[in-house]
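Residue strings, one per chain:
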Amino acid sequence: DYVGSVSVDHDPLGLERTVALRTEGLAFSGRVDRIDERAGQAVIVDYKAGRSIPSETDARSSLALALYADATARTLRKTCRRVELHHVPSGTVAAWEHSDDSIARHVRRAESIGAEIAQTVEAIGQDDALAGSDETFPAKPGSLCGWCDFRSHCPEGQRVEPSRQSWDGLPD
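Cut-offs used in this document
Residues numbered from 1 in each chain as written. Predicted model: local features only at pLDDT ≥ 70, side-chain atom pairs only at ≥ 80, totals over all residues. Heavy atoms only, no water. Helix = DSSP H or I, 4+ residues; strand = E, 2+ residues; numbered from the N terminus. Buried < 20%, exposed > 50% of the residue type's maximum accessible area, 1.4 Å probe, protein only. Contact = heavy atoms within 4.5 Å. Areas by Shrake-Rupley, 256 points an atom, 1.4 Å probe, with all protein chains shown as cover. Core = buried A, V, L, I, M, F, W, Y, C linked by side-chain atoms within 4.5 Å. Salt bridge = Lys/Arg side-chain N within 4 Å of Asp/Glu carboxyl O. Patch = residues over 30% accessible without salt bridge, like charges linked within 9 Å, V, L, I, M, F, W, Y side chains within 5 Å.

A. Region of interest: the overall build of the protein chain. If you tally the helices and strands in the protein chain, you get 4 helices and 7 strands. Each helix (α) and strand (β) of the protein chain, taken in turn from the N terminus, gives the series β-β-β-β-β-α-α-β-β-α-α. Expressed as a percentage of its 172 residues, the buried residues of the protein chain come to 32%. For the protein chain, the share of sequence-separated contacts (at least 6 apart) that also reach a separation of at least 24 residues comes to 53%. Surface accessibility of the protein chain: about 11,300 Å² in total, with carbon and sulfur atoms responsible for 50%.

The following block contains the structure:
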């Protein structure tokens, strides 16, 4: 039996399972919502509850899902190429079957992003005028500042929005 495309007649390989991978230029770990086993292969299942319904393009282009697939394969020592976005409100599933090449492209992209971040951090650390400077990373206050995790450290955000609780966004 399947509900959507999730089998309900077997236990998943993992729920809220942390997986990890390390390459020469990347150390990645993440928590996967669900890992199923289908036809002897691991399948990444990521649940979405937002208003927008994910598409096949979202599943294909998601850097996180591709890294989860590679990390799952390495962690569980099981082939993992299929990634799925399950939209809970609509019951739809957007899926993609990665190839070895597409996974490798995503890993290279993550390594490249990491290298850029490392270069920026190094540049800031070497320039005393930039280190810790609000001019380097200026605050951009807006309507979401009331929910921001960094609100207590941000006078600009405190001035533009009152503090909000997560449930304040729910309709009355």
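Read on, since the account is not over.
B. View of the environment of Cys-80. Counting through the fold element by element, Cys-80 comes out in strand β6 (residues 80-87). A C-alpha to C-alpha distance of 9.5 Å links Cys-80 and Ile-35, two positions 45 residues apart in sequence. In contact with Cys-80, other than residues within four places in its own chain, are Ala-42, Val-43, Ile-44, Ala-69, Thr-72 and Ala-73.

C. Quick peek at the nonpolar core. Counting residues in each nonpolar core, the largest one holds 24 residues, and the members touching the most others are Leu-26, Phe-28, Ile-44, Leu-67 and Tyr-68. Of all the elements in the fold, those that place two or more residues in this core are β3 (14-23), β4 (26-38), β5 (41-48), α2 (63-76), β6 and α3 (100-126). If we skip the residues at most four places from it in the chain, Phe-28 touches Val-19, Ala-20, Leu-21, Leu-67, Tyr-68 and Ala-71.

D. Highlighting the pattern of salt bridges. Across all of its chains, the model carries 10 salt bridges by this definition. Residue Asp-46 is joined to Lys-48 by a salt bridge in which the shortest nitrogen-to-oxygen separation is 3.1 Å. Residue Lys-48 is classed as partly exposed on the basis of its relative accessible area, which comes to 34%. Here Arg-82 ties to Glu-97 by a salt bridge, and the two come within 3.8 Å at their closest N and O atoms. Of this pair, Arg-82 sits in strand β6 while Glu-97 sits in strand β7 (residues 92-97), and the two are 15 residues apart along the sequence. Owing to a relative accessible area of 28%, Arg-82 belongs among the partly exposed residues under this scheme. Among the charged side chains, a network of salt bridges with common partners joins Arg-34, Asp-36, Arg-38, Arg-82, Glu-84 and Glu-97.

E. Region of the structure containing a nonpolar patch on the surface. The grouping of Ile-113, Ile-117 and Val-121 at the surface amounts to a nonpolar patch, some 270 Å² of accessible area in total. Examined against the element boundaries, Val-121 turns out to sit in helix α3.

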